[in-house]
Structures are given as structure tokens and as C-alpha cells.
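# A structural walkthrough
Each chain, written out:
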Amino acid sequence: MPIPQNITREHIFRAMVRIHQEGIPPRRGARNWAVEYGNKIYPCKLLISWANAYPNGEELDPDPNIFTTDMAQDYLVMLGFTTIQI
């Protein structure tokens, strides 16, 4: 399943705010790649998963059969974010 194309940069920013408020859940942290924004590091898949809730009403399942870290990374770069290897 591809990442829904209606996830916008604004939705990603809202997911970042949620991460600041709630923290990163266990087993949802970045392993190899992350978004760097404002001197902070954000897990790519968590950003996409949580951002999906804003336009589509639910978090996107992080199962790799649904979408991969590479897919999340590519989508975030397409939205203008910088990804880094950690």
C-alpha cells in the first residue's frame, strides 16, 4: 500500500508537535534514517504514520507490508524535508 498522497508538509509538522507532546513510543524510534528539522531528529515512519491521522482519520499502520522506511524517507524528501543517516 502506498503512502496516501494527501499527507502534506503541514500534517508532518503537526506530527512533529505530537512527538514533542507525547514522545516517541517504544519500538517506534528511528533505526537508520530520520528527519532532521530544527536541530531535532524525528523517525521517518512515525512522522508518516501519525501525519496520516490528520487528513485520513487514522494512523497509518507501520507494518512493513503497508509501507517501508524507504517509502517514508522518499515521501518526506519529496515534501522538502532533510533525512539523515543516524
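This text gives an overview of the structure that appears in the document. These numbers come from a predicted model, not from an experiment. (Residues numbered from 1 in each chain as written. Predicted model: local features only at pLDDT ≥ 70, side-chain atom pairs only at ≥ 80, totals over all residues. Heavy atoms only, no water.)

## Concerning the overall build of the protein
A tally of helices and strands in the protein yields four helices and three strands. Ordered by position from N to C terminus, the α and β elements of the protein give α-β-β-α-α-α-β. On C-alpha atoms alone, the protein measures out to a radius of gyration of 11 Å, which is about the 12 Å that the 2.2 N^0.38 rule sets for 86 residues. Overall, the C-alpha framework of the protein stretches about 30 × 25 × 25 Å when taken along its three principal axes. For the protein, the proportion of its 86 residues judged to be buried stands at 37%. In the protein, the proportion of contacts linking residues at least 24 apart, taken out of those at least 6 apart, comes to 68%. Working note: accessible area of the protein is about 5000 Å², and carbon and sulfur atoms make up 48% of it. If the 8 positive side-chain charges of the protein are averaged to one point and the 9 negative ones to another, these points end up 5 Å apart. (Helix = DSSP H or I, 4+ residues; strand = E, 2+ residues; numbered from the N terminus. Rg over C-alpha atoms; globule rule 2.2 N^0.38 Å. Buried < 20%, exposed > 50% of the residue type's maximum accessible area, 1.4 Å probe, protein only. Contact = heavy atoms within 4.5 Å. Areas by Shrake-Rupley, 256 points an atom, 1.4 Å probe, with all protein chains shown as cover. Lys, Arg positive; Asp, Glu negative; His and termini not counted. Charge placed at Lys NZ, Arg CZ, Asp CG, Glu CD.)

## Some remarks on helix H2 (residues 44–51)
Burial within H2 is extensive, with eight of its eight residues counted as buried. Buried residues of H2: Cys44, Lys45, Leu46, Leu47, Ile48, Ser49, Trp50 and Ala51, and no others. Of the surrounding elements, those touching the buried residues of H2 are helix H1 (9–22), strand E1 (33–37), strand E2 (40–43), helix H3 (53–56), helix H4 (69–78) and strand E3 (82–85).

## Considerations on the pattern of salt bridges
Applying the stated criterion across every chain, the model contains two salt bridges. Between Glu59 and Arg18 there is a salt bridge, with the nearest N and O atoms lying 3.0 Å from each other. Of this pair, Glu59 sits in the loop between H3 and H4 while Arg18 sits in helix H1, placing them 41 residues apart in sequence. Residue Glu59 is classed as partly exposed on the basis of its relative accessible area, which comes to 35%. (Salt bridge = Lys/Arg side-chain N within 4 Å of Asp/Glu carboxyl O.)

## Remarks on the sheet that holds E2
The antiparallel open sheet is built from three strands, whose spatial order is E2-E1-E3. Among the strands making up the open sheet, the edge pair consists of E2 and E3. Within this sheet the neighbouring strands show an average axis-to-axis angle of 45 degrees, counted without direction. Two elements, E1 and E3, share four bridges in a ladder whose sense is antiparallel. Looking across to E3, one finds that Ala34 is bridged to Ile84. In the packing of H2 onto the sheet, contacts are made with E1, E2 and E3, and the angle to E2 comes to roughly 70 degrees. (Pairing = 2+ DSSP bridges. Axes fitted to C-alpha atoms, helices over the stretch in contact; angles between N-to-C directions.)

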